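Next come the chains, spelled out residue by residue.
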Amino acid sequence: MSTDKKNIKPTIPLKLLVDKKKTRVLAAEATSDFVNVLLSFLTLPLGTVVRVTKNHPGSIGCMDNLYQSIEQLSADKFCTEACKSILLSPRNPRALVCKNLKLNIDDTSNGICFSCNNRYCCRKSHYPCTKCVCGSIANTEKSEESQPLDPEHFVKRTTVCVITDNLQVLPGNPISLVQLLCNLGFSDVDQVEELSVDVGLEEVSKLLKLSLVSKTPLTELFLGKRKLSNISIPVDPRNSPTPSSENKTMPNHTEFRVKLILSKSQNKILSLLVREDFIDFLFNFCTVPLGSVVKLLDLNSGVGCVDNLYRTVKCLDSEWLAISKNEIINAGVLKQYKCKNNPLQIRDAINISNLLDPRGPTGSVDCFGRFMEAPCWFVVSDKLVVTQLSSPSSSISFLKELNVPLNDIEEQEETIGETEALALLKASLTSSSALNNCFKSSINQKLNKRQHMDDI
Ligand SMILES: [Zn+2]
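All of these numbers come straight from a predicted model, not from anything done at the bench. (Residues numbered from 1 in each chain as written. Predicted model: local features only at pLDDT ≥ 70, side-chain atom pairs only at ≥ 80, totals over all residues. Heavy atoms only, no water.)

**Examining the overall build of the protein**
Stage number 1. On a plain count of helices and strands, the protein comes out with 16 helices and 15 strands.
Stage number 2. Radius of gyration (C-alpha) of the protein: 24 Å, near the 23 Å computed for a compact globule of 456 residues.
Stage number 3. When its C-alpha atoms are laid out on the principal axes, the protein stretches across 70 × 70 × 45 Å.
Stage number 4. Considering the protein as a whole, with its 456 residues, one finds that 52% of them fall into the buried category.
Stage number 5. Contacts in the protein between residues far apart in sequence, at least 24 positions, make up 71% of those at least 6 positions apart.
Stage number 6. Counting 53 positive and 50 negative side-chain charges, the protein places the centres of these two groups 1 Å from one another. (Helix = DSSP H or I, 4+ residues; strand = E, 2+ residues; numbered from the N terminus. Rg over C-alpha atoms; globule rule 2.2 N^0.38 Å. Buried < 20%, exposed > 50% of the residue type's maximum accessible area, 1.4 Å probe, protein only. Contact = heavy atoms within 4.5 Å. Lys, Arg positive; Asp, Glu negative; His and termini not counted. Charge placed at Lys NZ, Arg CZ, Asp CG, Glu CD.)

See below:
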């Protein structure tokens, strides 16, 4: 009997509203278990998103390439072995809430941490083999304790929500439903059918992927239909937040000087030649939660439906939530996993006391700030494949791989400040040609200027 129970995979029931011809899901009525899962998407770091969705169709811009580059770089290129783990299995800042989800697709949100064997020491690490401040190695597995006031869930148990096909989360009441159906052009409830489904872990990871690559994820997930181009679901303007200057911090003056390698004849960027501090910044994308990415991109990430999810959660009445709203939509990154040179203004996640930074060779609870060993040159391809120039032969093989005549290659210096960093973040999530997408206008401007000078 007990073995049978163990074999039963957990599921969450969901009630779908579909049109009579079953061509599209109009909405889903969800209870707190499902709403918690959906809201947890916003707290998942990008590295986790890539890792747990890689077996499902579709690609998230160039993020798969960036993630694979980290996997393929040997551990000795990083300051410590844990640097690689921080990027490949980034810590969810709300891990202790996610571990209570009925369906948790993130195996790193398991409530496990590591401490050293010194009984007078109270430091801990989320990653094994971390050097502790006391001199020993934090390697003893234990469970990470929640603080007395830590919330267990994102929404309260009684929460019911209506979720639209494009992942708007609306209050679960008949008024929301009437407005939604009217907006979709339905005048009669008889045109709508109810369909009950059970959602398991597989469906959750599929939904996460679809939320990033589709405009109609519920229809694709449950009816297996691709988006129809003539269907557009209007966003209720009353649910749009008014632009505000909240959370705006001091201007960030961090900049990188990088070298663009261009093909003159093709008028395009072949690759980027950069130092290790830029790679720290680029790899650091993996640690940023999805919600914080949407926030950085000013609710205009262009990634699937996540802007809708963010926007409507932001508008949800706080009385339904079991946690501060900002802790869901902009959970931030723990200082122990941030990179120091970063033009992006990423919020510090709520501090965890006595947490070690596993990147430092001597053990510290402060931000060590780096991932890659210095000094080193790296090449970043247009599709964000990162390789290290580490041997005398690597420069010549790099030139061979470019596969263009040497006299067609031009180098151009570029400054990457906050504006360019935001453009690169967006391009890495939405384009399969990230560098050209990000720098095209700047390159064209310079080429035009030079053409103009030549004409004079
Ligand atoms: Zn210790």
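**A word on the pairing of strand β2 (residues 25-31)**
Stage number 1. Counting buried residues along β2, 5 of its 7 residues qualify, which places the element largely inside the surrounding structure.
Stage number 2. As judged from the 4 bridges shared by strand β1 (residues 12-19) and β2, these two strands associate in the antiparallel manner. Within the sheet, the bridge partner assigned to Lys 15 lies in β2 and is Glu 29.
Stage number 3. Following β1, the chain reverses through 5 residues before pairing antiparallel with β2; Lys 22 in that reversal takes a positive phi of roughly 55°.
Stage number 4. Across 5 bridges, the pairing between β2 and strand β8 (residues 160-164) is antiparallel. (Pairing = 2+ DSSP bridges.)

**Some remarks on the coordination of the zinc ion**
Stage number 1. For the zinc ion, the full set of protein donor atoms is Cys 116 (SG), Cys 121 (SG), Cys 132 (SG) and Cys 134 (SG), and the range of their distances to it is 2.2 to 2.4 Å.
Stage number 2. Viewed at the metal, the 4 donor atoms of the zinc ion are separated by angles of 99 to 121°, and the geometry they form is tetrahedral.
Stage number 3. Mapped onto the sequence, the residues coordinating the zinc ion show the spacing C-x4-C-x10-C-x1-C. Grouping residues by exposure puts Cys 116 and Cys 121 together as buried. (Donors = N, O, S within 2.8 Å, 3.2 Å for Na, K, Ca; no water. Tetrahedral: all angles 85-135°; square planar, octahedral: opposite > 155°, others 65-115°.)

**Things to note about the environment of Ser 211**
Stage number 1. Tracing the backbone through its elements, the reader meets Ser 211 in helix α8 (residues 201-213).
Stage number 2. When its relative accessible area of 1% is taken as the criterion, Ser 211 is described as buried.
Stage number 3. Here the alpha-carbon distance between Ser 211 and Ala 75, two residues 136 residues apart in the chain, equals 32 Å.

**Things to note about the packing of helix α4 (residues 63-72) against helix α5 (residues 81-88)**
Stage number 1. In contact at an axis separation of 10 Å, α4 and α5 are set at 160° when each is read in the N-to-C sense. Comparing their axes, α5 and α4 come out roughly antiparallel. Of the two possible hands of crossing, α4 and α5 adopt the one that is left-handed. Contacts from Tyr 67, Ile 70 and Glu 71 of α4 reach α5 at Lys 84, Leu 87 and Leu 88.
Stage number 2. Residue composition of the contact of α4 with α5, grouped by class: 4 nonpolar, no polar and 2 charged. (Axes fitted to C-alpha atoms, helices over the stretch in contact; angles between N-to-C directions. Parallel < 35°, antiparallel > 145°, perpendicular 65-115°, else oblique. Left-handed = near helix turned anticlockwise from the far one by under 90°. Nonpolar A, V, L, I, M, F, W, Y, C, P; charged D, E, K, R; others polar.)

**Some remarks on α5**
Think of an α-helix as 3.6 residues a turn; residues three or four steps apart then line up on the same face.
Stage number 1. Among the 8 residues of α5, 6 are classified as buried, and the element is accordingly described as predominantly covered.
Stage number 2. Buried within α5 we find Ala 82, Cys 83, Lys 84, Ile 86, Leu 87 and Leu 88.

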